[in-house]
Amino acid sequence: VSVLYWLACQTSHHLPKKIAMVHGLLVRVVVKDPAFIDATFVPEFSRLYWHSNAAEKDTLTYELHRPEAADSATDAERDEASRTLVILERYTNAAALKDVHNHSEPFKGFGAWIGEMIGAGNIASVKVEHLEEIAVPKPAADSGEAEKAAADAPAEVVAATGGDPNGILVFAGARPGEAPLYMQHAEEVGQRVAALGRRLVYGGGTVGVMGAVASAADKAGGKVLGVIPAALAPREASGAPVGEVVVVDTMSKRKDIMFSNASWLVVCPGGIGTLDEFFEVLTLCQLNAYRCRVGLLNTENFFGPLLAMMRHLVAQKFLEAETVDALVVRNTPGELFEAMESANDLVAVGFAKNLKW
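Residues numbered from 1 in each chain as written. Predicted model: local features only at pLDDT ≥ 70, side-chain atom pairs only at ≥ 80, totals over all residues. Heavy atoms only, no water.

A. Spatial organisation of the overall build of the protein chain. Helix and strand counts for the protein chain come out as 14 helices and 12 strands. Restricting to contacts in the protein chain with at least 6 residues of sequence separation, those with at least 24 account for 77%. As presented, the protein chain carries roughly 17,200 Å² of accessible surface, and 53% of it is formed by carbon and sulfur atoms. (Helix = DSSP H or I, 4+ residues; strand = E, 2+ residues; numbered from the N terminus. Contact = heavy atoms within 4.5 Å. Areas by Shrake-Rupley, 256 points an atom, 1.4 Å probe, with all protein chains shown as cover.)

B. Spotlight on the pattern of salt bridges. This structure, assessed with the given rule, holds 9 salt bridges. One salt bridge connects arginine 28 with glutamate 80, and the closest N-O pair in it is separated by 3.8 Å. Separated by 52 residues along the polypeptide, arginine 28 in strand 2 (residues 23-31) and glutamate 80 in helix 2 (residues 75-82) bring together distant segments of the chain. Given the relative accessible area of 35%, glutamate 80 is considered partly exposed. Measuring nitrogen to oxygen at the nearest pair gives 2.7 Å for the salt bridge that ties aspartate 276 to lysine 255. (Salt bridge = Lys/Arg side-chain N within 4 Å of Asp/Glu carboxyl O. Buried < 20%, exposed > 50% of the residue type's maximum accessible area, 1.4 Å probe, protein only.)

C. Structural context of helix 4 (residues 105-119). Taking 1.5 Å per residue as the helical rise, helix 4 with its 15 residues ought to reach 21 Å, and the 21 Å between its terminal C-alpha atoms agrees with that figure. Taken together, the buried positions of helix 4 are occupied by Pro106, Phe107, Phe110, Trp113, Ile114 and Met117. Buried positions in helix 4, seen along its axis, are confined to an arc of 120° and lie on one side of it. Residues of helix 4 that are exposed and angled more than 90 degrees away from the buried face: Glu105, Glu116 and Gly119. Following helix 4 by one or two positions, glycine 121 has its phi on the positive side, about 85°. (Expected span 1.5 Å × (residues − 1). Arc of directions from axis to C-beta.)

D. Just a nonpolar patch on the surface, in detail. A cluster of nonpolar side chains, namely Ile118, Val126 and Val128, defines an oily patch on the protein surface of about 230 Å² accessible area. Residue placement: valine 128 occurs in strand 5 (residues 123-131). (Patch = residues over 30% accessible without salt bridge, like charges linked within 9 Å, V, L, I, M, F, W, Y side chains within 5 Å.)

E. Summary view of the nonpolar core. Residues Phe278, Val281, Val294 and Leu327 are the most contacted members of the largest nonpolar core, which totals 30 residues. Here phenylalanine 278 is in contact with Phe171, Val267, Val294, Leu296, Leu306, Met310 and Leu327, once residues within four sequence places are set aside. By size, the runner-up hydrophobic cluster in this structure holds 28 residues, among which are Ala217, Val328, Leu336 and Ala339. (Core = buried A, V, L, I, M, F, W, Y, C linked by side-chain atoms within 4.5 Å.)

F. Quick look at the side chain of arginine 293. By the element assignment, arginine 293 lies in strand 11 (residues 293-297). Within the local environment of arginine 293, its side chain forms a polar contact with the backbone oxygen of methionine 340, the two atoms lying 2.7 Å apart. (Polar contact = N/O pair within 3.5 Å; in protein donor to acceptor, adjacent residues only side chain to side chain.)

G. Geometry of the packing of aromatic side chains. Within this structure, the stated rule accounts for 11 aromatic pairs. Measuring from centroid to centroid gives 6.1 Å for phenylalanine 45 and phenylalanine 110, while their planes differ by 75°, and the two rings are edge-to-face. Highlighted residues: phenylalanine 45 in helix 1 (residues 35-55) and phenylalanine 110 in helix 4, separated in sequence by 65 residues. Phenylalanine 110 sits in the buried class, given a relative accessible area of 5%. Considering the side-chain rings of phenylalanine 278 and phenylalanine 279, the 5.1 Å spacing of their centres and the 55° angle between planes classify their relative orientation as tilted. Phenylalanine 279 gets classed as partly exposed once you look at its relative accessible area, which sits at 32%. (Phe/Tyr/Trp six-rings, centres within 6.5 Å; stacked < 30°, edge-to-face > 60°.)

H. Structural detail: the environment of valine 266. Relative to the elements of secondary structure, valine 266 occurs in strand 10 (residues 262-267). Sequence separation between valine 266 and methionine 340 is 74 residues; the distance between their C-alpha atoms is 9.2 Å. Setting aside residues no more than four positions away along its own chain, valine 266 makes contact with Ile168, Leu169, Val170, Phe171, Gly295, Leu336, Phe337 and Met340.

I. Broad picture of unusual backbone geometry. Positive phi, normally seen in glycine, also occurs at glutamate 300, with a value near 55°. Locating glutamate 300 in the fold gives a position in the loop between strand 11 and helix 12 (304-315). The phi dihedral of asparagine 301 is positive, around 60°, even though this residue is not glycine. As for its position among the elements, asparagine 301 is in the loop between strand 11 and helix 12.

J. Structural context of the environment of threonine 274. Tracing the chain through its elements places threonine 274 in helix 11 (residues 272-286). Overall, threonine 274 belongs to the buried group, its relative accessible area being 4%. Sequence separation between threonine 274 and glycine 173 is 101 residues; the distance between their C-alpha atoms is 6.2 Å. Residues contacting threonine 274, with those up to four places away along its chain left out, are Phe171, Ala172, Gly173, Val267 and Cys268.

K. Fine view of the packing of helix 10 (residues 251-260) against helix 11. Following both chains from N to C, one finds helix 10 and helix 11 inclined at 60°, their axes separated by 12 Å at the closest point. Taken together, the axes of helix 10 and helix 11 are oblique relative to one another. For the pair helix 10 and helix 11, the sense of crossing is right-handed. From helix 10, Arg254, Lys255, Met258 and Phe259 reach across to helix 11, where they touch Asp276, Glu277, Glu280, Val281 and Leu284. (Axes fitted to C-alpha atoms, helices over the stretch in contact; angles between N-to-C directions. Parallel < 35°, antiparallel > 145°, perpendicular 65-115°, else oblique. Left-handed = near helix turned anticlockwise from the far one by under 90°.)

What follows is the structure, given as structure tokens:
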């Protein structure tokens, strides 16, 4: 199963509800000015996060949390909470904590930066604690309880058990594109996914159209699951990751996890990678190996030429007309999501309906 990295940089509702057995360090940092957190601290931490992801991903994970003050907190306590960050450096066993932590160049570099910030007066205090083991709760036996537990389970657990098909998968480009409306519509897509109370599943990047979708869903309080190959992280991920991020080693694993965690697909403007993912879904649906509702967000008639080509394939007897007709194509996010509510899944036609995989 792929290694899951959690990062919660905005609000406490992103805190993981279940975590694996933990040995590690808990670092509590209090800054002087709350503005320093988003402007400087989070970008610096993100470099540690992605560096460790590439160099030490089989051994440790880093998490960043922002605690909230209790309802009964005093003004002074609320002020301190607004300036507090908690970093969790966690390992799967005590030996890894001892052996890896002592040789972790990313963490040493981050620690040196913390020292510089203390000297510059940006950080008021730092407290480090060692963690003992923390066990994952066992799944509930009752079917209703188990269903609820599955909804809250980490993505690595979901992926190992065949996926949670209630998510909405969004394919989108890692670039902003030429038309400003691409990014505007992307933000609305993220907001609408969050408003439906369903989890956004996407390619894990934080830039371009895909990044705009994820950031908007996250800011709207939605759940976000990103799946990104380690090789693409330096290009497609800039700054703090959004939501839960699964880091994999191949494009195939990326697709497997994304497909198994969604029953709707929304395709936004993008490049070759976006089209590759879109056509793979169409191929799987055609062959009765997958089924989902498929919508194209036709911003500025972006998909017009593609749809014309697909109609040409139908005319030349290389594609069934039912496949094209099942696609939900709308020009705005509002129109698309409204149509998706009553749309049919894209399913196999002809001989493929009887294929078993």
